[in-house]
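# Inside the fold
Here's the letter readout for the chains.
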Amino acid sequence: MSGVSPKLLYSARVTLAEPATLIGIVLALFFAYLIAAPVLAMLVDAVVVQVPDARRIGAEPGTFTLYYLERALFSRVADPVFWTPLRNTLTIAFGGVAVALTLGSLFAWLLARTDMFGRRWFASALIIPYILPGWTFALAWLTLFKNRSSGGHAGWLESLGVSPPDWLAYGPVPTILILGLHYMPFVILLVGGALRNLDAQLEEQARVLGAGQRQAALRIALPLMRPALISATILVFAECIGDFGVPYVLGLPVNYDVLSTSLYRAVNSRQEGMAAVFAAAILLLGALSLSTDLWLLRNARRFATIGSRGSIDRATPLGALRLPASALAGLVFLAGVVVPLAVLALSTVMRVPGLFQPANFTLDFWVGTGLPTMAFPDGVLRTPEFWDAARNTLVIVGTASLTAGMLGLLVGHCVTRTSWTSLSGFLRQITFLPYLVPGVAFAFAFLSLFAVARGPIPALYGTNLILVLALIADQMPFASRAGVSAMMQLGREPEEAARVLGAGWTRRVSRIVLPIQRRALYTGVLLPFISGAKNLTLFALLAAPGTEVLTTFSLRLLENNYLQAANAVVLVIAAISFGGALLGQRLLGVDLASGFAK
Amino acid sequence: MTAGVKLTGLVKTYGEATAVQGVDLDVPAGDFLCLLGPSGCGKSTILRMIAGLEAQTAGRIEIRGETVADPAAGLFATPERRDVGLVFQNYALWPHLTVARNVEFGLRLRRMSAAARAQRVSEVLEEMEIAALAERYPGQLSGGQQQRVAIARTLAVEPKVLLMDEPLSNLDARLRLEMRGVLKRLHARLGATIIFVTHDQWEAMTLASTIAVMRDGRIEQVGTPEAIYERPESRFVVEFVGAPPINIFDLAAATPIARALAAAAGPRVVSAGVRPEALVLGQPAADVAFAAPAEVTGVLPTGGAWIVELACGNDTVFALSHNRPAVAPGDHIRVSAPRHAPHLFDDAGRTCSPVSMSEPATLPTPIDRAR
């Protein structure tokens, strides 16, 4: 003990007695580097001279400059380069929210509170659009509505002799419809959950006091639902801003740019400075909307939780509207799941789109050889690139989701067990940060930090590792929240009981915590897996030719106008994420609905 | 010496808040000590510090003569190495393991052979009378059965010091009584040192060989159950122990009882307490502390006894009678207390010695507990 103060020795021993603190510190450093550092590096990129622009700006690379901000916000090209994409972004985001909210809250109410036909079936069926990749719908839309103004095969309608106008085929209208449909399940889950938790007695009390059904709904239920509605609105909004696939597929033919597609193109044309400005703008929008959410919720929650939960499930009889309501749900299911998948599936077995003649049907695009598509002469299933991409997808997404699930539980463990409140607060916040950063901005942030060697860390661009790391970081908000809530629910005692009996940290975690939490772990792994398998945004920016995954492979096919092959690959992706969801629900008992909040 | 626990100057603070402020306690080997106090008085914190699940801010903890934690010496042994048993309030059974596996866990850690483990598990389950439940999961057991498993799990490793954190508070009244019997027999057979935390005075009275009454992070009084009941050292102890609660009289008040008590008590005494069971209704005995007229305002049967509510001046007084009282609401009677029945307190709430009474001092005698 010579020299060391006993007090210090004591603190050290107390801290070391609970390894959660030590592990928490390591995790905090890891996430600071994985999450905070990329975002910072990206923001810095917007205000320092990038190598390709050094000559034009007339300054050394790496020095401070306002050139990019100036160019984006105030220069002659500011309008087409920045303000128009910003306007477009807001248009599709607000439009998407409107569609998702209208349909979503209607169905949330129908599913939670009425005697609609097929309630239970629709409760699962209407969630499927969210499980399928968003741009699946965009591709299906193109397959149907594509007109002569862009190259390649025409769409089915064109082949049938009807020429869809550009506004219907491309741009904001289909983008809004598709985003709305894709995020509708999100609203159903959030609002439906809140409706189910809402004490039906509150409305009944109003009815007893003489309020009509409409009045009870408007004056009592609606205000109480406000927190859920606000949350749903803002989360859908943030998702729409950061979405890349849908506006890219549908906007490209008519040069309808949004911030995320501008960012993608700026990256591809090596304009990192401008890309950083776009990313920062997206980040700002995302952070703004989510802090609005938190702020509004803080003011609303006060009265939202009063009163016990009415456990009696009372369904409002719809009467004559019962059939139309179910028909509407059926229609949305058709439009959101059946038609897009059927169109995609059919398109992959037709030589000429929209030509419904027996001779036109073929399996060549799946298993054939010697196809007319020049750079891609074999069917998808015969192409080695496809299998490489599929293997890459499984390896990368599998590794990332396994790691994210484990890390989430570990974060939960540290957050709930450490006696350092500041450490547990920091861990919660840092793992939540990616939620505030729309996907495309986060991908670019990763590129900013890891594209070049920094210090002892080599350049990671072009490796699988950068994809794995980016996916992990992207999934941490969900994984850590799942982990924290699982560990909170467990409480300290089971572990303490093991400690007192003499079990050290490893034994406690492996014999007590993990087995008890295995279901939470399945959820924490499966959801990132589903979400990662269909992820286009991150991969589009971060995948290099050597590390192609299914999503980027299909994007490349699409860019080459090999629509059948692209659609075939997308179908495989949809099958993987849908299969994963089904498998999880059936075999592992994972409650998917509980975890879809990102 | 088998085992004992000694706490010296134990302090625990959480930021600004102080949970435990300077506790000295010597628990001899083989003692059954109850830490008794209202919720939030720091009793569970002390237990967790002994187990090593919390680290004290200052002070020393010794178990079996060995210092296990002392900030001044830079010592802190982890809970894993303290070798104490701890039974949790909500049992903390591991839901993914069967009863037998739960009990076996600690034995595995001690590298016992499979045969010896099986032997020991069945012994302990037999002892707790739950052998038939060995292959069940905790979720399939009732609260009382879970409690027995929790105790069996702790006993399996034969700890010399056994800590229990309100282990009976989640059980219904009958089970609680039954488990008290079990614990008492267990203690007699094992001879282990037991420290038992509870806020239930009955539990403490019936189980403990020593009670430590706690208040606001301090120990108010340590003594045998009899001493705590008969010779309380403070108004807090006297008010906390006893049911129905003691009648307290503010001697500055102008009520008949207060005036009578004040006249007899010394100048330092500001309040006095008389237990309901010490009050005499009807004809006063020869040597009384006070005797006053009162009106019966209520007769409350509690099953085996009756609580009589009386109005005496502005005082509301409760008396406990174990025989059916021959009074009815509206009756005017006399209420009195024997000379040595009142507990007298100074302005700090400490008990004044009986010398404060104006009569010649006699040794305090056990209060006549109403028969």
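Conventions used here
- Residues numbered from 1 in each chain as written.
- Chains lettered and ligands numbered in written order.
- Predicted model: local features only at pLDDT ≥ 70, side-chain atom pairs only at ≥ 80, totals over all residues.
- Heavy atoms only, no water.
- Helix = DSSP H or I, 4+ residues; strand = E, 2+ residues; numbered from the N terminus.
- Buried < 20%, exposed > 50% of the residue type's maximum accessible area, 1.4 Å probe, protein only.
- Areas by Shrake-Rupley, 256 points an atom, 1.4 Å probe, with all protein chains shown as cover.
- Lys, Arg positive; Asp, Glu negative; His and termini not counted.
- Charge placed at Lys NZ, Arg CZ, Asp CG, Glu CD.
- Rg over C-alpha atoms; globule rule 2.2 N^0.38 Å.
- Contact = heavy atoms within 4.5 Å.
- Buried area = accessible area lost by both parts, 1.4 Å probe.
- Salt bridge = Lys/Arg side-chain N within 4 Å of Asp/Glu carboxyl O.
- Polar contact = N/O pair within 3.5 Å; in protein donor to acceptor, adjacent residues only side chain to side chain.
- Nonpolar A, V, L, I, M, F, W, Y, C, P; charged D, E, K, R; others polar.
- Pairing = 2+ DSSP bridges.
- Patch = residues over 30% accessible without salt bridge, like charges linked within 9 Å, V, L, I, M, F, W, Y side chains within 5 Å.
- Phe/Tyr/Trp six-rings, centres within 6.5 Å; stacked < 30°, edge-to-face > 60°.
- Lys NZ or Arg CZ within 6 Å of the ring centre and 35° of its normal.
- Expected span 1.5 Å × (residues − 1).
- Axes fitted to C-alpha atoms, helices over the stretch in contact; angles between N-to-C directions.
- pLDDT = per-residue confidence, 0-100.

To continue, consider the overall build of chain B. Looking only at helices and strands, one finds nine helices and 19 strands in chain B. Overall, the C-alpha framework of chain B stretches about 75 × 50 × 35 Å when taken along its three principal axes. Considering chain B as a whole, with its 371 residues, one finds that 54% of them fall into the buried category. On chain B, roughly 16,100 Å² of surface is accessible, and the fraction owed to carbon and sulfur atoms is 51%. Each charge sign in chain B was given a centre, from 37 positive and 40 negative side chains, and these centres are 5 Å apart.

Looking only at helices and strands, one finds 29 helices and zero strands in chain A. The C-alpha radius of gyration of chain A comes to 26 Å, within 12% of the 25 Å expected for a compact globule of 598 residues. Each principal axis of the C-alpha distribution contributes one length, and for chain A these read about 90 × 75 × 50 Å. Counting across all 598 residues of chain A, residues that qualify as buried make up 55%. Here the contacts in chain A between residues at least 6 apart in sequence split such that 74% fall between residues at least 24 apart. Counting every atom, chain A has about 25,700 Å² of accessible surface; 65% of that belongs to carbon and sulfur. Across chain A, 43 positive and 29 negative side-chain charges occur, with their mean positions spaced 8 Å apart.

It is worth spelling out the interface of chain B and chain A at this point. Across the boundary between the two partners, chain B contributes 33 residues, which contact 25 residues of chain A. When the two sides are added together, the surface that chain B and chain A hide from each other amounts to roughly 2,600 Å², 65% of it contributed by carbon and sulfur. Here Glu80 of chain B makes a salt bridge to Arg508 of chain A, at a shortest N to O gap of 3.5 Å. For the pair chain B and chain A, the number of links is nine residue pairs in polar contact (both at pLDDT 80 or more). The biggest single contributor to the side of chain B that touches chain A is helix 2 (residues 99–109) of chain B, with four residues. Per-class residue counts for the side of chain B that touches chain A are 18 nonpolar, eight polar and seven charged.

Once that is clear, we can look at the pairing of strand 12 (residues 247–250) of chain B. Residues and elements named next belong to chain B. By the alternation rule, side chains of strand 12 split into Asn247 and Phe249, which are all buried, and Ile248 and Asp250, of which none is buried. Pairing between strand 12 and strand 13 (residues 271–274): four bridges, direction antiparallel. Counterpart to Asp250 in the pairing with strand 13 is Ser271.

This part covers a nonpolar patch on the surface. All names here are of chain A. On the surface, Leu106, Trp109, Leu328, Leu331, Leu334, Val338 and Val339 cluster together into a nonpolar patch covering about 530 Å² of accessible area. Residue assignment for the nonpolar patch shows that the elements contributing at least two residues are helix 5 (78–113) and helix 17 (322–347). Considering every element that reaches the nonpolar patch, the biggest residue donor is helix 17, with five residues. Examined against the element boundaries, Val339 turns out to sit in helix 17.

Before going further, it helps to spend a moment on the side chain of Thr65 of chain A. Looking at the secondary structure, you find Thr65 of chain A in the loop between helix 3 (54–57) and helix 4 (67–73). Look past the residues within four positions of Thr65 of chain A in its chain and what remains in contact with it is Ala46, Val47, Val48, Val49 and Ile57 of chain A.

Here the focus is the packing of aromatic side chains. This structure, assessed with the given rule, holds 24 aromatic pairs over all chains. Ring centres of Phe244 of chain A and Tyr248 of chain A lie 4.9 Å apart, and the angle between their planes is 25 degrees; this geometry places the pair in the stacked category. Residue Phe244 of chain A shares its accessibility class with Tyr248 of chain A, and that shared class is buried. Measuring from centroid to centroid gives 6.3 Å for Phe249 of chain B and Phe290 of chain B, while their planes differ by 70 degrees, and the two rings are edge-to-face. One end of the pair, Phe249 of chain B, is in strand 12; the other, Phe290 of chain B, is in strand 15 (residues 288–301), and 41 residues separate them in sequence. The class of Phe249 of chain B is buried, set by a relative accessible area of 2%. Members of the aromatic cluster, connected to one another through ring pairs, are Tyr33, Phe442, Phe446 and Phe450 of chain A. Positioned above the aromatic ring of Phe117 of chain A is the side chain of Arg322 of chain A, whose terminal nitrogen or guanidinium carbon lies 4.1 Å from the ring centre. The ring of Phe76 of chain B has Arg82 of chain B lying over it, and the distance from NZ or CZ to the ring centre is 5.0 Å.

There is a patch of like positive charges on the surface, built from Arg507 and Arg511 of chain A together with Arg101 and Arg111 of chain B. Locating Arg111 of chain B in the fold gives a position in the loop between helix 2 and helix 3 (114–127).

The subject of this paragraph is helix 5 (residues 173–190) of chain B. Turn by turn, an α-helix covers 3.6 residues, leaving residues three or four places apart pointing in a common direction. Residues and elements named next belong to chain B. The first and last C-alpha atoms of helix 5 sit 26 Å apart over 18 residues, in line with the 26 Å expected at 1.5 Å per residue. Met179, Arg180, Val182, Leu183, Leu186 and His187 are the residues of helix 5 that are buried. In this structure, the buried residues of helix 5 make contact with strand 3 (32–36), helix 3, helix 4 (143–156), strand 8 (161–165), strand 9 (193–198) and helix 6 (201–207).

Moving on to the sheet that holds strand 16 (residues 306–312) of chain B. Residue and element names in this part refer to chain B. Reading across from one edge, 14-18-15-16-17 is the order of the five strands in this open sheet, with antiparallel pairing throughout. Of all the strands in the sheet, the pair left with one neighbour each is strand 14 (280–281) and strand 17 (315–321). Summarising the sheet, strand 15 and strand 16 pair through six bridges and their orientation is antiparallel. Across the sheet, Pro301 pairs through a bridge with Trp306, a residue of strand 16. Strands in contact with helix 9 (residues 256–264) are strand 15, strand 16 and strand 17; relative to strand 15, the strand with the most contacts, it is inclined by about 150 degrees.

What follows covers the confidence of the model for chain B. Atomic detail in the predicted coordinates should be set aside for any region of low pLDDT. Residue and element names in this part refer to chain B. Averaged over chain B, the pLDDT score is 90; the fraction of residues at 70 or greater is 94%. Note that pLDDT drops below 50 for residues 355–371; the model gives that stretch 29 contacts with residues more than four away or on any other chain. Note on the complex model: pTM 0.79, ipTM 0.83.

Glancing now at the pattern of salt bridges. Pairing of side chains with opposite charge becomes possible as their charged atoms draw close. Across all of its chains, the model carries 35 salt bridges over all chains by this definition. Its salt-bridge partner being Arg148 of chain B, residue Glu178 of chain B comes within 3.0 Å of it at the nearest N-O pair. Placement of the pair is Glu178 of chain B in helix 5 and Arg148 of chain B in helix 4, with a sequence separation of 30 residues. Since its relative accessible area comes to 35%, Glu178 of chain B is described here as partly exposed. When salt bridges with common partners are traced through the structure, they connect Glu18, Arg417, Glu495, Arg499 and Arg508 of chain A together with Glu80 of chain B into a single cluster.

Strand pairing in a sheet relies on backbone hydrogen bonds, with the paired strands running either antiparallel or parallel. Residues and elements named next belong to chain B. Across the sheet, three strands lie side by side as 12-13-19; this open sheet has antiparallel pairing. Because the sheet does not close on itself, it has two edges, and the strands there are strand 12 and strand 19 (343–345). On average, each strand axis in the sheet is tilted by 20 degrees relative to the strand beside it, whichever way the strands run. The sheet contact formed by strand 13 and strand 19 spans three bridges and is antiparallel. The residue of strand 19 that forms the bridge with Ala272 is Leu344.

Below, the discussion takes up the environment of Tyr264 of chain A. Residue and element names in this part refer to chain A. Turning to its location among the elements, Tyr264 is positioned in helix 15 (residues 259–268). According to the relative accessible area criterion, Tyr264 is buried, its value standing at 6%. Excluding anything up to four places from it in sequence, Tyr264 contacts Phe244, Tyr248, Ala540, Leu541, Leu555 and Glu559.

Another point: the pairing of strand 9 of chain B. For a regular strand, side chains alternate in direction, first toward one face of the sheet and then toward the other. Residue and element names in this part refer to chain B. Among the six residues of strand 9, six are classified as buried, and the element is accordingly described as predominantly covered. With burial as the criterion, each face of strand 9 is covered, one bearing Thr193, Ile195 and Val197 and the other bearing Ile194, Phe196 and Thr198. Sheet topology note: the strand 3/strand 9 ladder contains five bridges and is parallel. Paired with Leu36 across the bridge in strand 9 is Thr198.

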